[in-house]
Amino acid sequence: MKITPKDLYLQRRRFLQLGAAGAVGLLARGAAAAKGAVHGEKLAGVKPMSKFDTTEKKTPFEDITSYNNFYEFGTDKEDPAANAHKLVTKPWVISVEGEVKKPRKYDFDELVKMFPIEERVYRMRCVEAWSMVIPWDGFPLADLIRKLEPTSRAKYVAFETVVQPENMPGVKGFSGIGFPYLEGLRLDEAMNPLTLLATGLYGEALPKQDGAPLRLVTPWKYGFKGIKSIVKIKFQETQPATTWSQYGGGTEYGFYANVNPDVDHPRWSQGRERRIGEFLKRKTLPFNGYGDQVASMYAGMDLKKFF
Ligand code: MTE
């Protein structure tokens, strides 16, 4: 998320590809689609429609899978689609640790069978000021947490991404952040009905570049909270260290990272965003439009401070 001249160039190029209605735009888009659109296994028995769904136009599968942030595979938007096929996702073990009555390791195939999979069509707002509408498939994190029975000392949940240096070219190269990628939520945020553990999108198993086999989705927060390819879930009393809140000496990204158009990033405005595929920028909404579901969790907190 460190915006370099190259990022700006790529973003501009991508914007032209997606925004232009002419033949050149369509051709360029076809090329991007061919690169990103590896379809996964169809998910069976997905419960359609949730009361939290947005009816806004969904971002095409090709764009969701070819314009990504997954620094383990490189810092350019095209890198994850080009490199993530190397990620080994079978077998996949998720370790549940810390302040929980039932710490244990879960095989992904076992975990995913424990809960009905539902579709959730959510907005995703990246801190870089672009956004998408993504039809995720997954299950509420709250359903898992209830089964795990956190102890009374559990106040936060920490998450960790896998590190496979031999398969992840970005782990060895310079990206400006350390690995493993770390994220965290307060326990009440983790229990919020909006918070999803995604196992798919568009009714298909999650593409590797989007965080296969299991990633976090918190639609009222900036996209970087959506940690990908999770291998550890730890319940703890103290606020976990997170990758981006440590970046730049902690001056650029906060732990809470709730979408807030009134608090600018030190280097760019958060007031507006570019929906991928659209020409004109649109206004960014507080809590990314999910205030009714989440604002009460932050009552009494200085929202400007808790970016
Ligand atoms: N998770 C890991 N492990 N590594 C990353 O670099 N990038 C984050 C988040 N999760 C990232 C990650 C950022 S900055 C964003 S905006 C979203 O993933 C992007 O998700 P997408 O590529 O599926 O759109």
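Above: the structure in question.
The following paragraphs examine the structure supplied in this document. Residue positions within a chain follow its written sequence, with the count starting from 1. Residues qualify for local features only when their pLDDT is at least 70, as the model is predicted, and side-chain atom pairs are given and counted only at 80 or more; totals for whole chains, interfaces and linings, by contrast, use all residues. Only heavy atoms go into the side-chain values, all of them from the structure, while hydrogens and water stay out.

A separate point is the nonpolar core. We define the nonpolar core as a collection of buried residues of types Ala, Val, Leu, Ile, Met, Phe, Trp, Tyr and Cys that are connected through side-chain atoms lying within 4.5 Å of one another. To sort residues, take the accessible area from a 1.4 Å probe on protein chains only and compare it with the maximum for the residue type: under 20% means buried, over 50% means exposed, and anything in between is partly exposed. Core analysis: the biggest nonpolar cluster contains 49 residues, and Leu 141, Leu 144, Phe 159 and Phe 235 have the highest contact counts within it. Every element with two or more residues in this core is listed here: strand S1 (93–98), helix H5 (108–113), helix H6 (141–148), strand S5 (156–161), helix H8 (187–191) and strand S10 (230–236). The criterion used for residue contact is that any of the two residues' heavy atoms lie within 4.5 Å. Beyond its immediate sequence surroundings of up to four residues, Leu 144 is in contact with Leu 111, Met 114, Phe 115, Phe 139, Leu 197 and Ile 233. Counting 29 residues, the second-largest nonpolar core is a separate cluster that includes Phe 61, Tyr 156, Ala 198 and Leu 201. Working definition: helices are DSSP H or I runs of at least four residues, strands are E runs of at least two. Numbering for both runs from the N terminus.

A few words on the site of the ligand. Residue proximity to a molecule or strand is established when one non-hydrogen atom of the residue lies within 4 Å of it. Near the ligand, the surroundings consist of 17 residues, among which Tyr 71, Glu 72, Asp 210, Arg 215 and Lys 228 are the closest. Within the side chain of Asn 68, a nitrogen or oxygen atom sits 2.9 Å from an oxygen atom of the ligand. In this structure, Asp 210 approaches the ligand through a side-chain N or O atom, which is 2.8 Å from an oxygen atom. Within the complex, the protein chains bury 100% of what would otherwise be the 530 Å² of accessible surface of the ligand. All amino acids are sorted into three groups, where Ala, Val, Leu, Ile, Met, Phe, Trp, Tyr, Cys and Pro are nonpolar, Asp, Glu, Lys and Arg are charged, and the leftover types, Gly among them, are polar. Here the shell around the ligand is composed, by residue class, of 8 nonpolar, 5 polar and 4 charged. Side-chain atoms alone can form a polar contact between residues adjacent in sequence; in general such a contact is a pair of N or O atoms within 3.5 Å, and within protein one must be able to donate a hydrogen while the other accepts it. Note that accessible areas follow from Shrake-Rupley with a 1.4 Å probe, and for residues the cover is restricted to the protein chains shown.

Okay, the side chain of Ser 50 next. One can find Ser 50 in the loop between helix H2 (23–36) and helix H3 (61–64). At 2.9 Å, the side chain of Ser 50 forms a polar contact with the backbone nitrogen of Phe 52. When neighbours within four sequence positions are excluded, Ser 50 is seen to be in contact with Glu 118, Glu 119 and Arg 120.

With that settled, the discussion passes to the environment of Thr 242. Mapped onto the fold, Thr 242 is located in the loop between S10 and helix H9 (243–246). Residues contacting Thr 242, with those up to four places away along its chain left out, are Leu 182, Glu 183, Gly 184, Lys 225 and Phe 255. Within the local environment of Thr 242, its side chain forms a polar contact with the side chain of Ser 245, the two groups lying 2.4 Å apart.

Before going further, it helps to spend a moment on the pairing of S5. Of all 6 residues that make up S5, 5 are buried, and the element is covered over most of its length. At least two bridges found by DSSP between two strands is the condition for calling them paired. Taken together, the 5 bridges between S5 and strand S6 (residues 182–186) define a ladder with antiparallel strand orientation. Bridged to Ala 158 within S6 is Gly 184. The pairing of S5 with S10 spans 6 bridges and is antiparallel. Looking at the pairing, Glu 160 lines up with Lys 232 of S10.

Bringing the side chain of Ser 245 into the picture now. Tracing the backbone through its elements, the reader meets Ser 245 in helix H9. Residue classification places Ser 245 among the buried residues on the basis of a relative accessible area of 19%.

So, about the environment of Pro 140. Following the sequence through the fold, Pro 140 ends up in strand S4 (residues 130–140). The exposure class assigned to Pro 140 is buried, which follows from its relative accessible area of 8%. Sequence separation between Pro 140 and Thr 195 is 55 residues; the distance between their C-alpha atoms is 5.8 Å. Setting aside its immediate chain neighbours within four residues, Pro 140 contacts Glu 118, Arg 120, Thr 195 and Leu 196.

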